[in-house]
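# Geometric and topological summary
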Amino acid sequence: MQLRDDPFLSIANKIPNKYIENNKRNIVGYYCTYIPEELLEAADLIPFRIRATGNEDTNKADTYMVRFTCSFVRSTLNLALDGVYDFLDGLFVCNSCDHSRRMFEIFDMVVFKREGFNKNVPRFYIAIPHILTEEGYQWFYGEISELKNNLEKVYNVKISDDKLNDTIKLYNRNRKLMREIYELRNLNHPKLTGTEALQLAIANSSVPKEIANRELERLLGIFREREGLNIDDKKRILLIGSVVDNAKFTELVESSGAIIVSDNLCFGKKTIMEDIDSNSSKSPLERIAKRLYYRNPSCPRSMDDHKRRLEFVKNQIKIANVDGVLLQRITNCDLHGCDNMLFEHELKELDVPVFNIDRENFQSDYTRFQTRIEAFLEMIR
Amino acid sequence: MTNRNVLSGETENKLIPYEMVLNSIGSTRELVERILPKGEIESLKIGAKAIEQIVRTSVEKAKQGLPVIGHHFAFQREYLYCFDCVPICIEGTSYLLSALLPDGVERFYDVMLSWGHPFHTCTSQKGVMGMTLEDLFSFDAIITPTAPCDNTFASYPFFEYKDVPLVIPDIPYLHEEKSYEYYGEQLRLSLEKLGKIIGQEPDFEKMKKHIEIENQVNSVQLELLELRKAKPSPVENMFNAISAGVAVFASGTPEKLDFYEKYLEIAKKRYKKKQEYGKEERIRSIWPYMLIFFDLSLCEYLDREIGMSVLFDIFNYNFSNTVNTKGDLDTLFFDMARRGMNFPMMKESTEFYYPFIENCVQLAKDFSADCFVFTSHLGCKQFGSVPQVLREALREEVGIPMLIIDLDVGDKRFTSTKIIKDKINMFSKTVL
Ligand code: SF4
Ligand code: SF4
């Protein structure tokens, strides 16, 4: 039985959803998983991860972004120009990559200046170091502290340590539930498909966390009870690379004879692997900053952390008993393109079957794409 | 004090691309000196000489066994003079060779492409990466800041994969006082780290001397910029390209100062006589971003065939601060950081683009520009959403048009010179 029509999982197939539509709290959009969600939550905001689900062309956005920018970001801009993101009461951007960080200016100069759009949407930016050092951490902590002060001013709230501690608990619980479900993918007969796992991660980033936790508990029960999937004729794949926000993509991979048993994606394991330390004597804000800054696995934007990312990948290959690795990047994504280039060589040196492809965010030539993936899967013994 | 090749007992010098630069720049200089009459492309004559001298010294020093340090163009070469070393600019070498070699450096781009380096990643790094893969370069260490773009922090880990130690001073993508303090500290820590790798103590007194030369260069550059307000502009288009090369290859050396001083004299003479270069100046253009590097003859084409002055490109209007070398080390590094973060391309990349747009509008007015030409380089994603907004600002606030050309400034196969010329030609007809 596939759960893709489960009311919670199907949140992943569109942008607005019933849990945020009727909510009294302010909903704020963020582009990157390096934005401290716990802090936003403690300011009584609902963080919503911006994505491009369902967008099929970028005609409007193409006026403002040149053709060699990432089609994921262009698609989000297209949706914003169509008014899909008008429900946002705030926008959070950081310098995660060159494409997405410029959304700070383009939302300000174009999206929010659209005719007929009269809402004042506050925007926030944090500058994140590109290397992992003690000095870099201090800088990052400074940015997060400043963000806290700005949130208090702009949204007229008080973010107390108690509130932060509560949200840390809420988010740690959320990550734990996600990990428990994701671990069921490691089994010889996994309890969920890669597509279901992706839908879960997307839905989880689109609703208030207390609702997400309730739903994850429900689904954990269902997955545990469910019979393992029959995957005898399928290859166990680890999926790595650029953002995937569209279940059609994973469905395509899985309908080609694969099951995605693990990933290193930002709608996936990148955000759930580590918790915030609850026992430390440090302030809650410091603990939030520490987890995020030193997060493992990191994004390729962390220039000096490729080796740790490789270790993560090697570890996933082992624990999920992976047959092959699918490296993918959205065309023009330099960060994942280069990280994948190194992974390809490093994994081949370890005799791991690996396939490296580029794609567009909205894939129109399914057949050609599928043929290539099938050919790769055939090659795996 | 020795480089890896000497330490490992390898006698063959692994600086082949630099020798290629030396040979090609040497023959270019000889050729232009011999065939061009006085007054023609003077910038090329004196610029080629400056670069040739610097590269010759580098090759000799490497042969003596000094460590070879690769650096990003955005890491100021003069800072490396705190060591006895041979600094080699990664981006500068790729692009100078792409300009000088008849077949460009496409062969090395292809080497990297087939190794898996994405086609859309900047060719300025791809060239030297390909040469390194082919074992033509051997670096003892590489230093790069974490700017100006994704390409930088995506591509440079390749060198680490090739066992070259990488030193990375981090740059914040934010222009505030605290950013200069942070980056200043990063610079100091990085130079100390680099010193440990090559077995040398950084000599900051020595470095100051080279920084002082750059301080002097700065004021000559500003004078030259001022002269370009004149109609007709007394500066030839080729100067822009050559000065970018000299800036990268000869930074912090007397050769660079000499280049600018000599050219200032030439420009002043033309200015006094209201004399222009090439054909009558009919269109005054500003290129807020880069020129193309794979075919420098475009500069002459614009001057002579179209009568379009390129008043300046990004490397020629955007000068960072001077550095106070008389204060304590904290002041020195703070100023060095400010200089680094305001270096052409670094400034635009580590800052929101509002100041860039305001600056362009102001420059258009101050320099009586008739149009802008924006070279939208395949690698530079940080500028992917700027062109249209800039075009609208120029149209609304100054009433001038902007041509946007998608290209790869280092690879003629992406958009050829012919297509570029055709586009500019057609555009110039709408401007006149
Ligand atoms: S896929 Fe790459 S380019 Fe696109 S938003 Fe993600 S990191 Fe940026
Ligand atoms: S800023 Fe542009 S030209 Fe410079 S390295 Fe990056 S992509 Fe290349």
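Below is a summary of the structure that appears in this document.

Each value, and the rule that gives it
- Residues numbered from 1 in each chain as written.
- Chains lettered and ligands numbered in written order.
- Predicted model: local features only at pLDDT ≥ 70, side-chain atom pairs only at ≥ 80, totals over all residues.
- Heavy atoms only, no water.
- Helix = DSSP H or I, 4+ residues; strand = E, 2+ residues; numbered from the N terminus.
- Rg over C-alpha atoms; globule rule 2.2 N^0.38 Å.
- Buried < 20%, exposed > 50% of the residue type's maximum accessible area, 1.4 Å probe, protein only.
- Contact = heavy atoms within 4.5 Å.
- Areas by Shrake-Rupley, 256 points an atom, 1.4 Å probe, with all protein chains shown as cover.
- Lys, Arg positive; Asp, Glu negative; His and termini not counted.
- Charge placed at Lys NZ, Arg CZ, Asp CG, Glu CD.
- Near = heavy atom within 4 Å.
- Nonpolar A, V, L, I, M, F, W, Y, C, P; charged D, E, K, R; others polar.
- 1 Å grid on protein atoms, 1.4 Å probe; cavity = no way out; pocket = protein on both sides within 12 Å on 5 of 7 lines; lining within 4 Å.
- Sits in = over half its atoms within 2 Å of the grid points.
- Expected span 1.5 Å × (residues − 1).
- Buried area = accessible area lost by both parts, 1.4 Å probe.
- Salt bridge = Lys/Arg side-chain N within 4 Å of Asp/Glu carboxyl O.
- Polar contact = N/O pair within 3.5 Å; in protein donor to acceptor, adjacent residues only side chain to side chain.
- Points joined across faces, edges and corners; volume = space filled by probe spheres on them.
- Pairing = 2+ DSSP bridges.
- Axes fitted to C-alpha atoms, helices over the stretch in contact; angles between N-to-C directions.

## Focus: the overall build of chain A
Looking only at helices and strands, chain A features 15 helices and eight strands. Its C-alpha radius of gyration of 20 Å places chain A within 12% of the 21 Å reference for a compact globule of 381 residues. In terms of its C-alpha atoms, chain A occupies a principal-axis envelope of roughly 60 × 50 × 40 Å. When burial is assessed residue by residue, chain A has 66% of its 381 residues classed as buried. Sequence-distant contacts, at least 24 apart, represent 75% of the contacts inside chain A between residues at least 6 apart. Accessible surface computed for chain A: about 14,100 Å², of which carbon and sulfur atoms make up 47%. Averaging the coordinates of the 55 positive side-chain charges in chain A and doing the same for the 58 negative ones gives two points 1 Å apart.

## Notes on the site of ligand 1
With respect to spatial proximity, the complete set of residues near ligand 1 consists of Cys70, Phe72, Val73, Cys97, His99, Ser242, Val243, Cys333 and His336 of chain A. Of the residues belonging to the shell around ligand 1, the class tally is six nonpolar, three polar and no charged.

## Here we look at the site of ligand 2
All names here are of chain B. Looking at ligand 2, there are 14 residues lining it, with Cys122, Cys149, Asn151, Cys380 and Gln382 nearest. Comparing atom positions with the cavity grids shows ligand 2 to sit within the largest cavity. Here the residues of the shell around ligand 2 sort into eight nonpolar, six polar and no charged.

## What about helix α9 (residues 177-198) of chain B?
Counting along an α-helix, one turn takes 3.6 residues, and residues three or four places apart therefore face a common direction. Between its first and last C-alpha atoms α9 of chain B spans 32 Å; for 22 residues at 1.5 Å apiece the expected length is 32 Å, and the two agree. Those residues of α9 of chain B that are buried are in contact with α7 (134-155) of chain A together with β1 (68-71), β3 (141-143), β4 (166-167), α10 (204-227) and α14 (329-341) of chain B. Note on α9 of chain B: the residue one or two positions beyond its end, Gly199 of chain B, has a positive phi of about 70°.

## Quick look at the interface of chain A and chain B
In this complex, chain A contributes 47 residues to the contact, which on the side of chain B involves 55 residues. With both chains or domains summed, chain A and chain B bury close to 4,500 Å², and 63% of this area falls on carbon and sulfur atoms. Where chain A meets chain B, there are four salt bridges. Measuring nitrogen to oxygen at the nearest pair gives 2.8 Å for the salt bridge that ties Asp334 of chain A to Lys381 of chain B. The interface formed by chain A and chain B contains 22 residue pairs in polar contact (both at pLDDT 80 or more). The element contributing the most residues to the side of chain A that touches chain B is helix α14 (residues 334-349) of chain A, with nine residues. Among the residues making up the side of chain A that touches chain B, the classes are represented as 20 nonpolar, 10 polar and 17 charged.

## A few points about the layout of surface pockets
In this structure, the largest pocket spans a volume of roughly 420 Å³. Along its surface, the largest pocket is lined by 21 residues, and Asp304 of chain A together with Glu160, Leu166, Ile168 and Lys193 of chain B are the ones closest to its centre. Elements represented by at least two residues in the lining of the largest pocket include exactly α13 (306-319) and α14 of chain A together with α8 (157-161), β4 and α9 of chain B. A total of four residues in the lining of the largest pocket trace back to one element, the largest contributor, which is α9 of chain B. Considered class by class, the residues forming the lining of the largest pocket number 10 nonpolar, four polar and seven charged.

## Quick word on the sheet that holds strand β8 (residues 402-407) of chain B
All names here are of chain B. The strand order across the open sheet formed by four strands is β6-β5-β7-β8, and the pairing between neighbours is parallel. Among the strands making up the open sheet, the edge pair consists of β6 (308-312) and β8. Strand-to-strand twist in this sheet, taken as the mean axis angle between neighbours without regard to direction, amounts to 30°. Across four bridges, strand β5 (residues 283-286) lies against β6 in parallel orientation. In the strand pairing of β6, Ile283 is matched with Met308.

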